[in-house]
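Tertiary structure, described
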Amino acid sequence: MPKKGSETDIDEGLYSRQLYVLGHEAMKHLQASSVLVSGLWGLGVEIAKNVILDGVKAVTLHDEGTAQWADLSSQFYLREEDIGKSRAEASQPHLAELNHYVPVSTYTGALVEDFLSGFQVVVLTNSPLEDQLKVGEFCHRHGIKLVVADTRGLFGQLFCDFGEEMILTDSNGEQPLTAMVSMVTKGNPGIVTCLDESRHGFESGDFVSFTEVQGMNELNGICPLEIKVLGPYTFSICDSSNFSEYIRGGIVSQVKIAKKISFKSLLNSLAGPDFVITDFAKYSRSAQLHIGFQALHQFCAQHGRSPRPHSEKDAAELVTLAEAVKAQAPPAVQQDSLDEDLIRKLAYVAAGDLAPMNAFIGGLAAQEVMKACSGKFMPVMQWLYFDALECLPEGQEALSEDKCLPCQNRYDGQVAVFGSGLQEKLGKQRYFLVGAGAIGCELLKNFAMIGLGCGDGGSITVTDMDIIEKSNLNRQFLFRPWDVTKLKSDTTAAAVSQINPHIRVISHQIRVGPETEHVYDDDFFQNLDGVANALDNVDARMYMDRRCVYYRKPLLESGTLGTKGNVQVVIPFLTESYSSSQDPPEKSIPICTLKNFPNAIEHTLQWAQDEFEGLFKQPAENVNKYLIDAKFVERTLCLAGTQALQLTGSGAPFWSGPKCCPHPLIFDVNNPLHLDYVIAAANLFAQTYGMMGSQDRSAVTKLIQSLQVSEFTLKSGIRIQVSDQELQTSSSVDDNRLQELKAMLPTPESLSGFKMYPINFEKDDGTNFHMDFIVAASNLRAENYNIPLADRHKSKLIAGKIIPAIATTTAAVVGLVSLELYKVVQGHQQLESYKNSFINLALPFFCFSGPLAPRCHQFYNQEWTLWDRFEAQGLQPNGKEMTLKQFLDHFKSEHKLEITMLSQGVSMLYSFFMPPSKLKERMNQSMTEIVSRVSKRKLGHHVQALLLELRCNDEDGKDVEVPYVQYTIH
């Protein structure tokens, strides 16, 4: 059995992606924290699920009630057979399976003080205000951190009280910034100027430290200094008037300084609240909802229920109660007038229980629990309100009370908000989910809860080629330890059918791409209602985006990076597509920096990876190619790439600025880093020759001690390249040298039976010596250049290009995606109804903006966007297919356009500059015949249409931009 809580070391195999978000120290604090989650409706189980996945010490589930039909609307661990049973006890076995390091217990009694005192964090969900105040005062007095969360239909509320002296160790979780110093003035204050290669990125109020400053030695090792930013490359520090003169060099590094933050108790905060302000919930709207939720608590206390769905009588009563609350509100939250329309809508939907809202608020609340336990990331200070009223029907279409009555089924909580009509539409939807990882699991859970694809004719097709790994279990909550090595798509399909047995999921293990368009063909896409991406790479996202544009299908796009997440909704003819805007390309490291002037650990890690490739992969591949083809060596040596070394002339000292002068390391067998490098390299070399290696450090040490290591001597006359341009200035091997090298090689015939084994880098196998070599090689080179070393954890993050991930962000992002899905299924046509989202739970930061409309183009005063196209019917009335000449004539007569170039994919079918003989040959050929001949492949039977791209001239001979052509074959 695994050890529990603080008794165990951190399981890096399980928590690897989360550790890159939190760090080891914060994770240790989590493992020492016991958490109470009170209220096991949909919101409570969502929070409990995330907190358990995150890896706290223990979780206790509290609920005094029994499961009802309405609970099935969003409580994904309750089954129909659980109706009438304790919510807490029915949920416990499912939650306990999520993480075997976290014991999960239940409690069904009253929240008395003796019981509460055993927890570090208490979470209250959907609880009466009277209970919140009672528990809140006890927790505040006794230093127990409190999170209060509530969802009411399309409205959500979150409150945090982490005590009067919470220690915040890191407000944003970002890696500390570093910059290279080019000048420091003497003065009060001193002015620091950084190299203008890139902006320093600091903010006023940051603390920094200095190293390697020459001349002004007082800065080296000084206690962290608070700075004031003066510009993108400058900032001021302390009084440097009495410091020595600055000569050159230096590195300035950001230092994270812990600070205390103070919270009001719930009682005091009700009267004088602080709100998290977002693009969506401005201060005035938050203040209105603050009043509305208090009035809602009064209504529920008086009637023993929420306002009836879309009841005008109950809505009017809630407005009256809200007016009374407003009249008694202190000046801090006093509003000139009550937003009666907002309060009325709160009443209309308050009885609703929506899985997407619970996913969003539950993700946020669980993140606040992590902040409370670890002291990492800025907490919500102290109230956050959110609503998604734009999900309601557009225009004047009003829902009546009779359309929203409960029917004693699992969708009652959703029908209360949207009526029964939307429920029928959801059930008939046919969706394609691409990816079954973390986002895919959460999407499938939300699909099942809202009833997507659960009715007649409805279905979800999910595809994912991957198998389940241990590290997936920390975020991909549909998987269990016994599922490791199973296929993700099959496992998610089986797991989600336990959540809602009515859902129809078809699982595939097929990559989406041009090579599988015979599977995901015209028939497949034309039968879909929409697509949801759950992908982890840009290329696949862009491919699916192009398919959705071509087939004119809605696309729900989302992604996460640690505590950051984004959502984009793509609607045919209404919005731009995913590919319409792209992030700037990742900044690459100049080759000359890697080879000659590293100044950061990222540089040495990339160099180490290049060394790995150059030592253990490329040589073995080259040998194997030579054994097959002796001329391979000649072709390789004749390629440009041998060094032609040059020097640049400059007035500045050569080793200055970002160019750090390296120093040699003297091999020491007693230095663990030196020995790590030798053992890893030796074992990897052995693998390339198919030999057994050795992990016996004492034996290797003894062997090395018997060897004579040559003393390092500095070569003279070396010329160092200082730019990539100089590196690329190279010469081929001359003929004489080529002949010498060839003569040194044995013939392939003499090496009959010999074979080498190239090694492909694999970061996740801790026994294959790959990361051992990368870490050792990188840190040795870092020592050469006086660069701070990186531990294995950080090295693996950078070298392995690992994407940090955490369950809370995934849950919140997918909640927002699913809210957009409501709008898509209803067919919203107002651009402002949709919301693209950008969130960072660490700050916390929330930005909701309307998507951009597609860019318009024109020809002949006709407007078109990326969603428009020409349509041409290939099959003529006479039963024959259109020829190229007929195609060109068609565009000239129908659209007054002269086609100058015509292509399909990378195949050029026609251009005005083609040789006359080729043009004459093609003019009378059918379009599909030309495509097959030029592309040198037959069109598959699944191909119903071709996508053709054009360049055209108008009647005046001017080049005009036109949409593509959908050329229908049959």
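Residues numbered from 1 in each chain as written. Predicted model: local features only at pLDDT ≥ 70, side-chain atom pairs only at ≥ 80, totals over all residues. Heavy atoms only, no water.

The name recorded for the chain in an unreviewed UniProt entry is E1 ubiquitin-activating enzyme, from Rangifer tarandus platyrhynchus. Recorded in UniProt under Sequence similarities (unreviewed entry), the annotation for the chain is "Belongs to the ubiquitin-activating E1 family." Recorded in UniProt for the chain, the comment headed Catalytic activity (unreviewed entry) runs: "ATP + ubiquitin + [E1 ubiquitin-activating enzyme]-L-cysteine = AMP + diphosphate + S-ubiquitinyl-[E1 ubiquitin-activating enzyme]-L-cysteine." (UniProt positions renumbered as here; feature names shortened; annotations may be inferred.)

1. Examining the packing of aromatic side chains
Any aromatic ring pair is given by two values, namely how distant the centres are and how the planes are angled relative to each other. Counted by the stated rule, this structure contains 38 aromatic pairs. For the pair Phe887 and Tyr967, a centre-to-centre distance of 6.0 Å together with 70° between the ring planes defines the contact as edge-to-face. Taken together, the residues span a long stretch of sequence, with Phe887 in helix 29 (residues 884-895) and Tyr967 in strand 34 (residues 965-968) at a distance of 80 residues. An identical accessibility class is assigned to Phe887 and Tyr967; each is buried. (Phe/Tyr/Trp six-rings, centres within 6.5 Å; stacked < 30°, edge-to-face > 60°. Helix = DSSP H or I, 4+ residues; strand = E, 2+ residues; numbered from the N terminus. Buried < 20%, exposed > 50% of the residue type's maximum accessible area, 1.4 Å probe, protein only.)

2. As for the sheet that holds strand 16 (residues 383-387)
On the basis of which strands lie adjacent, the open sheet formed by 7 strands has the order 3-2-1-4-5-6-16 and mixed pairing. Looking at the sheet topology across the chains shown, the edges are occupied by strand 3 (104-107) and strand 16. Taking the axes of each pair of neighbouring strands and ignoring which way they run, one obtains an average angle of 15° across the sheet. Examined bridge by bridge, strand 1 (residues 34-38) and strand 4 (residues 121-125) share 4 bridges and lie parallel to one another. (Pairing = 2+ DSSP bridges. Axes fitted to C-alpha atoms, helices over the stretch in contact; angles between N-to-C directions.)

3. Some words on the UniProt feature "domain: Ubiquitin-activating enzyme E1 C-terminal" (unreviewed entry) in the chain
The UniProt record marks residues 834-965 with the feature "domain: Ubiquitin-activating enzyme E1 C-terminal" (unreviewed entry), using the residue numbering of this structure. Measuring from the first to the last C-alpha atom of residues 834-965 gives 29 Å, for a span that is 22% helix and 33% strand.

4. Some remarks on unusual backbone geometry
Here the residue pair Asn188 and Pro189 is connected by a cis peptide bond, since its omega of 5° sits within 30 degrees of zero. With respect to the helices, strands and loops of the structure, Pro189 is situated in the loop between strand 8 (178-184) and strand 9 (191-194). A cis amide bond, omega -25°, links Met381 with the succeeding residue Gln382. Here Phe377, not a glycine, exhibits a phi torsion of approximately 85°, which is positive. For Phe377, the position within the fold is in the loop between helix 11 (355-374) and strand 16. On the basis of relative accessibility, which here comes to 2%, the residue Phe377 falls in the buried class.

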